[in-house]
Amino acid sequence: MTIRVLPPEVASQIAAGEVVERPASVVKELLENALDAGAKSVAVNIIAAGRTLLQVADDGAGIPADELTLAIERHATSKLVSADDLYRIATLGFRGEALSSIGAVSRLTITSRTADSSAGARLRVEGGIIGRLERVGAPVGTVVSVEELFYNVPARLKFLKKDMTERRAIDTLLTRYALAYPLVRFKLMDGNTPSLQTSGDGDRRAILAALYGVDTARQMLDVLAEEDGPSTGSLHPGFLPGGQSLKLSGFISPSALTRSNRKEITFFVNGRWVQDTPLTAALIQAYHMLLMVGRYPLAGLFLEVPPEEVDVNVHPAKAEVRFRNPEVAFSFVQRSARRALLAYSPVPQVAMQNLWGRPDDRPQMVDGKPQFDVAWVLGHDADQERMTVNDQSSTVITQPSALEKVPLLRLIGQIGATYLVAEGPDGLYLIDQHAAHERVLFEKLMRQHEHKAIPSQALLSATVVNLSPASAKLLEDQLSVLQHFGFQVEAFGQNSYQVRAMPSLFANSDPAAALCALVEDFEEDEAPFQNELESKIAGRVCKRLAVKAGQVLSPEEQRALLADLETCASPRTCPHGRPTMIHLSVDMLERQFGRKGAR
Ligand code: ADP
Ligand code: MG
């Protein structure tokens with residue numbers, strides 16, 4: 001399509017706004033142009049975090065010489081003709097604003113050549129003033145160089161962050177796009193230092209490794225789901241007619257691999273990076289009950305829907321989209337992610353690879369004594385790899401999955417006033433009483449909460465708790481949440497509160513301790529979503545009020561704790577992700593005692 005200036009009635013319907021606010025936003029616009037031009041290879045060069053130079057070179061279709069001058073006009077685009085096209089945009093760009101905006105605030109040079117032209121053309125723009133078109137030798141494709149960004153807008157310059165921050169933003173952007181477009185070769189040069197390079201061979205996992213490191217990349221789970229939209233006349237009339245489908249591909253982390261914030265969750269919708277999207281909430285819902293409180297998964301997910309199902313014209317930087325039928329898209333994402341999570345049989349194994357120190361199963365002898373290097377490796381992060389590569393020759397105890405229930409346990413007793421010992425059908429269990437009780441309380445409380453029925457119990461005598469002014473402020477903000485959970489707390493003079501009732505679940509606990517758990521501030525990074533706030537708070541209260549290590553429990557209490565644990569949905573970890581139990585299987589015991597495996 002040729003480039004033309006949009007008629008005013010179309011231009012006025014475009015979500016307007018400054019798209020150029022920092023070097024990374026320039027890179028984003030130029031990158032999108034290269035991808036729209038069908039580039040198979042994109043090279044980005046930056047100097048001084050893009051302030052001195054920022055160059056994007058592609059091998060795409062190029063711009064015909066006689067359209068080059070037009071390309072830098074405001075609202076000049078080859079991607080859109082009529083206002084109707086706005087509702088089925090298949091390209092990343094459509095506003096015709098980027099080149100003109102960039103040209104207005106920098107010294108811009110565009111060199112381009114199309115395949116059917118024998119020479120290339122070059123055009124310079126300085127602070128919005130367009131120079132003369134030159135004929136130059138150039139390969140097919142386009143090179144856009146932006147020098148001295150914001151040289152004529154000192155106010156913008158002042159707002160730029162430290163070089164390191166601006167560089168990181170460019171890095172993040174490029175890595176995300178590299179992941180989204182695995183068939184395109186990307187290269188980022190920072191001065192003379194290559195900082196990212198992908199092969200364009202379609203292997204997303206290799207790019208993941210560049211993004212997260214090899215260990216993490218290896219653990220990420222594949223997501224691939226495709227669904228036909230419901231036909232017309234169904235629940236969502238008009239959605240996806242004629243056998244069109246929804247597709248979700250990419251990666252999500254297993255529930256044991258998490259971060260303390262949502263920054264590693266990336267969504268692309270129809271090839272467009274969208275941020276701050278409710279899709280993130282849909283993904284987190286897929287981890288319901290699997291995720292530790294305050295932890296978030298990692299994900300790179302690519303959603304494809306028919307273009308007419310999303311409105312991309314809502315945000316100046318095109319970083320948001322609006323779905324015509326949000327519930328359909330969200331539930332699709334949630335279901336697909338959940339399925340991927342459950343399909344992967346999580347193997348929180350207890351590996352005893354180094355049990356004998358040697359792969360041949362025989363204990364290593366030192367001073368005539370076998371060395372028992374019993375290294376318990378629980379299913380976490382870097383260790384996961386070690387566990388899953390365990391071969392036949394090393395001793396692996398496969399623990400039932402985290403999703404499975406605990407088998408019926410026969411209590412043997414308590415040791416060290418900290419652990420319960422129990423026998424199950426397949427061996428011995430050591431249970432951390434604190435972690436187990438935390439899990440039990442948490443699930444009970446959340447279950448009651450889901451059913452909106454948290455029994456509350458009035459205290460015989462109201463307890464007064466004095467707080468620091470800062471804590472009092474935090475508590476004040478959470479009084480309504482507290483009420484939901486069956487606490488009745490009232491102001492009682494300055495920075496003092498009176499606890500009149502507690503959830504029955506905590507009937508015998510110290511009200512002051514409960515309040516203290518509520519007034520610890522959240523780290524800035526983990527500021528929870530509103531819908532997570534409650535589970536986070538519940539997690540904290542349960543942690544504070546659970547029985548402690550070192551607390552002697554009566555046999556009845558021990559038995560009750562085991563029985564409660566058996567009814568939990570995720571009995572194997574506490575809400576904060578630590579294991580509640582260690583399993584010593586019969587098989588492992590036999591190996592340890594040399595009845596099996598040792599020759
Ligand atoms: P938009 O991408 O919204 O159309 P831009 O200002 O970014 O607006 O670009 C204007 C036009 O210039 C595009 O529509 C396209 O035709 C052309 N163009 C820009 N960059 C490239 C490129 N790298 N390769 C080919 N054509 C390009
Ligand atoms: Mg563009």
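If you're wondering where the values come from, they're calculated on a predicted model, not measured in any experiment.

Parameters at a glance
- Residues numbered from 1 in each chain as written.
- Chains lettered and ligands numbered in written order.
- Predicted model: local features only at pLDDT ≥ 70, side-chain atom pairs only at ≥ 80, totals over all residues.
- Heavy atoms only, no water.
- Core = buried A, V, L, I, M, F, W, Y, C linked by side-chain atoms within 4.5 Å.
- Buried < 20%, exposed > 50% of the residue type's maximum accessible area, 1.4 Å probe, protein only.
- Contact = heavy atoms within 4.5 Å.
- Axes fitted to C-alpha atoms, helices over the stretch in contact; angles between N-to-C directions.
- Helix = DSSP H or I, 4+ residues; strand = E, 2+ residues; numbered from the N terminus.
- Parallel < 35°, antiparallel > 145°, perpendicular 65-115°, else oblique.
- Left-handed = near helix turned anticlockwise from the far one by under 90°.
- Nonpolar A, V, L, I, M, F, W, Y, C, P; charged D, E, K, R; others polar.
- Near = heavy atom within 4 Å.
- Polar contact = N/O pair within 3.5 Å; in protein donor to acceptor, adjacent residues only side chain to side chain.
- pLDDT = per-residue confidence, 0-100.

Chemist: What should I look at first to understand the nonpolar core in this one?
Modeler: General note: in soluble globular proteins, nonpolar side chains tend to be found buried as a group. Counting residues in hydrophobic clusters, the biggest one holds 57 residues, and the most contacted among them are L30, V42, V146, Y177, Y181 and F186. When neighbours within four sequence positions are excluded, F186 is seen to be in contact with L31, L35, V42, Y177, A178, Y181, L196, Q197 and T198. By size, the runner-up hydrophobic cluster in this structure holds 39 residues, among which are L290, V312, V333 and A340.

Chemist: Help me understand the packing of helix α6 (residues 163-180) against helix α7 (residues 204-212) in this model?
Modeler: Helix packing for two helices is described by the angle between their axes and how far apart those axes are. Close contact between α6 and α7 brings their axes to 9 Å; oriented N to C, the two are set at 165 degrees. The orientation of α6 with respect to α7, classified from their angle, is roughly antiparallel. Between α6 and α7 lies a crossing of left-handed hand. For the pair formed by α6 and α7, the contact residues are T175, R176, A178, L179 and A180 on the first element and R204, I207, L208 and L211 on the second. For the contact of α6 with α7, the class distribution of residues is six nonpolar, one polar and two charged.

Chemist: What's the story with the site of ligand 1 in this structure? I'm lost.
Modeler: Near ligand 1 there are 20 residues, and of these N33, T77, S78, K79 and G96 occur at the shortest range. In this structure, a nitrogen atom belonging to ligand 1 sits 2.8 Å away from a side-chain N or O atom of D58. Breaking the shell around ligand 1 down by element, the ones donating at least two residues are α2 (23-36), β4 (76-77) and α4 (98-104). Of the residues that constitute the shell around ligand 1, the class distribution is nine nonpolar, seven polar and four charged.

Chemist: Can you walk me through the confidence of the model for the protein chain in this structure?
Modeler: Close inspection of predicted coordinates is inappropriate in any region flagged by low pLDDT. Overall, the prediction assigns the protein chain a mean pLDDT of 80, with 82% of residues at 70 or greater. Note on residues 345-366: pLDDT under 50 across the span, and 71 contacts to partners over four residues away in sequence or across chains. In the predicted structure, residues 368-403 sits below a pLDDT of 50 and forms 104 contacts with residues beyond four places in sequence or in another chain.

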